[in-house]
Amino acid sequence: MITGELKSKIDRVWDAFWSGGISNPLEVIEQITYLLFIKRLDEMETREQKKAERFPNAPVTLRFRPDQQELRWSQFKDRDPETMFKIVTHQVFPYLQTLGSDGSTYSHHMRDARFTIPSPGLLGRVVDMLDKIPMEDRDTKGDLYEYMLGKIATAGHNGQFRTSRHIIQLMVEMTAPTPTDEICDPACGTAGFLVEAGEYVRRTHPDALLDAKQREHFHESMFHGFDFDGTMLRIGSMNMLLHGVESPDIRYRDSLAENVSGEDSEKYSLILANPPFAGSLDYESTSKDLQRIVKTKKTELLFLALFLRLLKPGGRAAVIVPDGVLFGSSKAHKELRRMLVENQKLDAVVKLPSGTFKPYSGVSTAVLFFTKTNSGGTDNVWFYDVAADGWSLDDKRTPLLPAEKLGPVTDVALAEDEHAKNNLPDALARWSRRNGDELQRSRTEQSFCVPKADIVEQGYDLSLNRYKEVVREEIEHRSPLDVLTELERLESEIQQGIADLKTMLG
């Protein structure tokens, strides 16, 4: 967690942009991303120079020629604003655009970098502020960037790019990534799922990164993210970098439009995603590979077909879907659900509260958990009805509990009244017992298991309300004659009251 002092520093940077004329939160993040990248290049150059001094014969990678030294952060940060502005505009950004050839994912996405800070004064203020923020510690760097990304969500219409961190954490905790996984998010946005998966592996397998081969896998071949928005790719790449992943595979791809090449088909062992639910695509512009799995134009169904294509046998997925996927009556809806239940192993349906994605979307959603087997394996499907996720379910989404009691993994155990405000720790605990005592739970409970035969009988409907049993309290109603007698008594009292009032007034 970052301190209040660091938050206020970032808030001042943010306010400087707004008062300087840049109010689009994505543009603010993008410009900060460029500056952080430039700062990091300078830090790497200093490290390589020290290495060359200590080990004269060791191979080093210097990125700045002797005549390019003024392009380095440490050189221009103390110049007057006018000079700094000229250097950054006319030399640093053209230099960034030449870096794509070095092969790193970050350099590749910087090729299209556009410098839009409008004035020397604003650039001077922002560089000065960023220079004073301590960025040496990986946790601090990552948390600071996450805090900035959170501002996208609070700023309105751009929030659809971002899934709430506590929902991401729940999905990651439930799928429990391992150091050998290859993890993919085919609609990665700011790379929140990949970042959280990386943090989970660091936390739960601290020894894994001590092994050279394992460390190389973590930095170069474990994380894969696709998006077709260049801004998102730059921001997502920087998010991974600041969380200590050196060279993730974050690249441009219109996941639904391109046929899945042999290289990517059945490549990944874990998929974590919240794909866009944006309506329909033309058959002509949709991957023929996916059309062979399910004939549909609906993006949410096409993404599910894509996940099945990308997963290797034994691979697992946790993906957010709109409620319509669970009960839609079209042929494509039913066929996809049938495939998940009959051909693969459908593990769980976790119903999220309808306000989860407010203020920018009121759509009701659920998380599907499944394992690719190509040979069935669904015995029971575990359902959990999340009624409260720790935040208010209105447009404000204000926290209902202190920070240490929010999210799926809390610092302290929750009391019963606190569980009513945050169901996520209970959902995580019960998920681990889904093959044990959860099998005995009544369908009137918040979580329960449904045998495959019942799901088949219901036409593969996966909506929780189809199986949940509601306990109705027995209410004793008075007989109609009693009610009429009571009305007559009241009527008599009213008439008597009117008569008494007339006497008093007479």
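Residues numbered from 1 in each chain as written. Predicted model: local features only at pLDDT ≥ 70, side-chain atom pairs only at ≥ 80, totals over all residues. Heavy atoms only, no water.

Details of the overall build of the protein chain
Counting secondary structure elements, the protein chain contains 19 helices and nine strands. Each principal axis of the C-alpha distribution contributes one length, and for the protein chain these read about 105 × 75 × 50 Å. Here the protein chain holds 506 residues, and 51% of them are scored as buried. Accessible surface computed for the protein chain: about 24,100 Å², of which carbon and sulfur atoms make up 50%. Where the 64 positive side-chain charges of the protein chain centre and where its 78 negative ones centre are 4 Å apart. (Helix = DSSP H or I, 4+ residues; strand = E, 2+ residues; numbered from the N terminus. Buried < 20%, exposed > 50% of the residue type's maximum accessible area, 1.4 Å probe, protein only. Areas by Shrake-Rupley, 256 points an atom, 1.4 Å probe, with all protein chains shown as cover. Lys, Arg positive; Asp, Glu negative; His and termini not counted. Charge placed at Lys NZ, Arg CZ, Asp CG, Glu CD.)

Observations concerning the confidence of the model for the protein chain
For the protein chain, per-residue confidence averages 87 on the pLDDT scale, and residues scoring 70 or more make up 93% of the total. Throughout residues 155-160 the model reports pLDDT below 50, and contacts reaching past four residues in sequence, or to other chains, amount to ten contacts. (pLDDT = per-residue confidence, 0-100. Contact = heavy atoms within 4.5 Å.)

Description of the pairing of strand β9 (residues 447-451)
For β9, a buried count of four out of five residues is recorded, marking the element as mostly surrounded by other parts of the structure. With five bridges joining them, strand β8 (residues 380-385) and β9 adopt antiparallel strand pairing. Following the sheet pairing, Asn380 is matched in β9 by Pro451. (Pairing = 2+ DSSP bridges.)

Quick notes on the pattern of salt bridges
Within the structure shown, the criterion is met by 31 salt bridges. Note that Arg466 is salt-bridged to Asp461, the shortest N-O span being 3.3 Å. Note on Asp461: relative accessible area 7%, which makes it buried. Overlapping salt bridges bring together Asp426, Arg430, Glu438, Arg441 and Glu445 as one network. (Salt bridge = Lys/Arg side-chain N within 4 Å of Asp/Glu carboxyl O.)

Quick notes on helix α8 (residues 165-175)
Of all eleven residues in α8, nine are buried; the element is thus mostly enclosed. Just downstream of α8 lies Ala176, where phi reads positive at about 45°.

Some words on the side chain of Glu300
Tracing the backbone shows Glu300 in helix α13 (residues 299-310). Lys298 provides the closest opposite charge to the buried, unpaired Glu300, separated from it by 4.6 Å. One polar contact links Glu300 to Thr299, side chain to side chain, over a distance of 3.4 Å. (Polar contact = N/O pair within 3.5 Å; in protein donor to acceptor, adjacent residues only side chain to side chain.)

Considering the packing of aromatic side chains
In this structure the tally under the stated criterion is twelve aromatic pairs. Taken together, a centroid distance of 4.9 Å and an interplanar angle of 45° make the contact between Phe93 and Phe115 tilted. Here Phe115 lies in the loop between α5 (105-110) and α6 (120-131) and Phe93 lies in helix α4 (residues 81-96), a separation of 22 residues in the sequence. Residue Phe115 is classed as buried on the basis of its relative accessible area, which comes to 18%. (Phe/Tyr/Trp six-rings, centres within 6.5 Å; stacked < 30°, edge-to-face > 60°.)

What about the sheet that holds strand β2 (residues 223-227)?
Strand order in this open sheet of nine strands is β3-β2-β1-β4-β5-β7-β6-β8-β9, and the pairing throughout is mixed. Two strands close off the open sheet at either side, each with one partner strand: β3 (249-252) and β9. For this sheet, the mean angle separating the axes of adjacent strands, direction not counted, is 15°. Here six bridges tie strand β6 (residues 345-351) to strand β7 (residues 365-371), and the two strands are oriented antiparallel to one another. Among the inter-strand pairings, Ala348 is bridged to a residue of β7, identified as Phe369. (Axes fitted to C-alpha atoms, helices over the stretch in contact; angles between N-to-C directions.)

Focus: the environment of Arg47
Within the fold, Arg47 resides in helix α2 (residues 25-54). Sequence-wise, Arg47 and Val60 are 13 residues apart; in three dimensions their C-alpha atoms are separated by 9.6 Å.

Here's the deal with the pairing of strand β5 (residues 311-322)
As paired strands, strand β4 (residues 268-273) and β5 are joined by five bridges and run parallel to one another. Paired with Ala273 across the bridge in β5 is Val319. In this sheet, β7 lies alongside β5 in antiparallel orientation, the contact comprising seven bridges. Bridging from a neighbouring strand, Val319 pairs with Leu368 of β7.

Concerning helix α17 (residues 424-431)
Summarising burial for α17: six of the eight residues are buried, a large majority. Those residues of α17 that fall on the buried side of the exposure criterion are Leu424, Pro425, Ala427, Leu428, Arg430 and Trp431. Close packing links the buried residues of α17 with α8, β6, β7, β8 and β9.

A few points about the packing of α2 against α4
When two helices pack together, their arrangement is given by the angle between the helix axes and by the axis-to-axis distance. Orientation of α2 relative to α4, taken along the N-to-C sense of each, is 80°, at an axis distance of 12 Å. When the axes of α2 and α4 are compared, the pair comes out roughly perpendicular. Residues Tyr34, Phe37, Ile38 and Leu41 of α2 form the contact with α4, whose participating residues are Val92, Phe93, Tyr95 and Leu96. The class makeup of the residues in the contact of α2 with α4 is eight nonpolar, no polar and no charged. (Parallel < 35°, antiparallel > 145°, perpendicular 65-115°, else oblique. Nonpolar A, V, L, I, M, F, W, Y, C, P; charged D, E, K, R; others polar.)

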